[in-house]
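Remarks on the overall topology
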Amino acid sequence: MFRTEPGKCYQMPVHFGGYDYAPAETCYHDVVNMGFTFATDEAALSAYIPEGLELLRPEFTINFTQSREIDWMAGGAYNLIDVFAPVRFRSAAEDLEGIYSFVVWENKTTPILTGREKTGVSKLFADIEDLHIFGDKRFTAVSFDCNTFLRLSMTVEGPADEQETITPVNAIHWRYIPKIGGPGADLSQLVLFPQRLETQKTWRGSGVVEWFALTWEQHPTQAHIIQALAGLPTFGPAAVMLTKDKVFLMDSMARVLE
C-alpha cells in the first residue's frame, strides 16, 4: 500500500512518488514582455479585487509574455497573458505592495497545473500565438476552439531605456479549492509569489487591445471572464511597453499572506 513520506513534496497523481524539497529560484532565460496599461473606473475594477486587498490606482495591465529556455522545463517554452492591477496587502503583521492577477491564460498544461496547485495562480488554458514581428509591428492573438477573444498589437516607436534594471515583483494570487459536491471552499487564501525581473532592453510605443466577448456557446467555462474584462472601461490610450528580460521565480519564498 502506498503511503506518503514525511518531508517529501507531492503533486497529483501522488501514488507515483514524491520529491525532495530543494529551496531555489528558477530562471526563465529568454523572455519578451509586451504590456498595455489602461486607466479605468475605480469602482468597476474594485469589483474584482478580493477582500484583504486594496486597489492602489484605478488602472490595469494586459501583459503578453513569451518565455523560452526555462530551467524547470528543461529548456522548454510557453506563452501567457496576465491581466493584473496594483494592490496593497495590509494586516497586523505586514504591509506590502504588489500586483494582483485576475486571470492568467497559458498555452501549455504543465505550467498551468503547477501554478494553480502550488502557488494559487488563477491559470486557464488558451491558444496564444507567438509574437509576430513585422517591421516595427508586434502582434499576437488569443483564442479557444478557433474563437479569437483577444488581439494585441503594438507599433514600436523607439528605445525607452538603454540601462539594465532589476525589479522585484510581489505577485499576489487567490488560491481557491472548491468543496466537492457542494458550494463553498475547502481552501481559500491569498498567496504571495515573489519574482525578480532583470530587464535588458525596453522599447516604447503605441498599441491596440481588442476584446471579443465570446458567447456561452463559444466558450462555456470562460465566457463570463472574457465578458467581464472586455467590459472594463478604459480612459485614453494605453501606455505600451516592450521589454527583453530574464525572469526568476522564487518558489522558496512563496507563502500565504496572513
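Here the residue numbering is sequential within each chain, running from 1 through the sequence in written order. Reporting of local features is limited, given that this is a predicted model, to residues whose pLDDT is at least 70; pairs of side-chain atoms are given and counted only at 80 or more, and all residues count toward the totals for whole chains, interfaces and linings. Working from all heavy atoms in the structure, the side-chain values ignore hydrogens and water.

**Considerations on helix 2 (residues 109–119)**
For an α-helix, 3.6 residues make a turn, and residues three or four places apart therefore share a direction. The following threshold applies: The buried label goes to any residue with under 20% of its type's maximum accessible area, the exposed label to any with over 50%, and the partly exposed label to all in between, with areas taken from a 1.4 Å probe on protein chains only. Secondary structure elements follow DSSP: runs of H or I of four or more residues count as helices, runs of E of two or more count as strands, with numbering from the N terminus. The arc in question is traced by the directions running from the helix axis to the C-beta atoms. The contact criterion used throughout is that any non-hydrogen atoms of two residues lie within 4.5 Å.
Three or more residues of helix 2 are buried, namely P111, I112, G115 and T119. Considered in projection along helix 2, the buried side chains sweep an arc of 105° and stay on one side of the axis. Check the buried side of helix 2 and you find it contacts strand 6 (76–90), strand 7 (95–106), strand 8 (123–125), strand 13 (165–178) and strand 14 (185–211). Note on helix 2: the residue one or two positions beyond its end, G120, has a positive phi of about 70°.

**Some points on the nonpolar core**
Put simply, the rule is: Note on terminology: a nonpolar core comprises buried Ala, Val, Leu, Ile, Met, Phe, Trp, Tyr and Cys residues joined through side-chain atoms within 4.5 Å.
Within the largest apolar cluster, 45 residues are counted, with the highest numbers of intra-cluster contacts made by I62, I81, W105 and F149. With near-sequence residues (within four places) excluded, F149 lies in contact with W105, A126, V142, S143, F144, E210, W211, F212, L214 and I226. One finds I70, F193, V247 and L249 within the second-largest nonpolar core, a separate group that totals 11 residues.

**Let's talk about the pattern of salt bridges**
This is how the line gets drawn: A carboxyl oxygen of Asp or Glu within 4 Å of a side-chain nitrogen of Lys or Arg is what we treat as a salt bridge.
The final tally for this structure, using the stated rule, is 14 salt bridges. Two residues, K179 and D186, come together in a salt bridge whose shortest N-O distance is 3.5 Å. On the basis of relative accessibility, which here comes to 51%, the residue D186 falls in the exposed class. Among the salt bridges present, the one from E198 reaches R196, with a minimum N-O distance of 3.3 Å. Its relative accessible area of 23% is what places E198 among the partly exposed residues.

**Comments concerning unusual backbone geometry**
Leaving glycine aside, a negative phi is the common case for residues, and trans is the common case for peptide bonds. Cis geometry is found at the peptide bond from M12 to P13, where omega equals 0°. Position of P13 among the secondary structure elements: in the loop between strand 1 (8–9) and strand 2 (19–20). At E69, a residue that is not glycine, the phi angle is positive and equals roughly 55°. Along the chain, E69 turns up in strand 5 (residues 59–70). Of note in this structure, C146 is not a glycine but carries a positive phi near 70°. Inspection of the secondary structure assignment puts C146 in the loop between strand 11 (137–144) and strand 12 (147–161). Judged by its relative accessible area of 77%, C146 falls in the exposed class.

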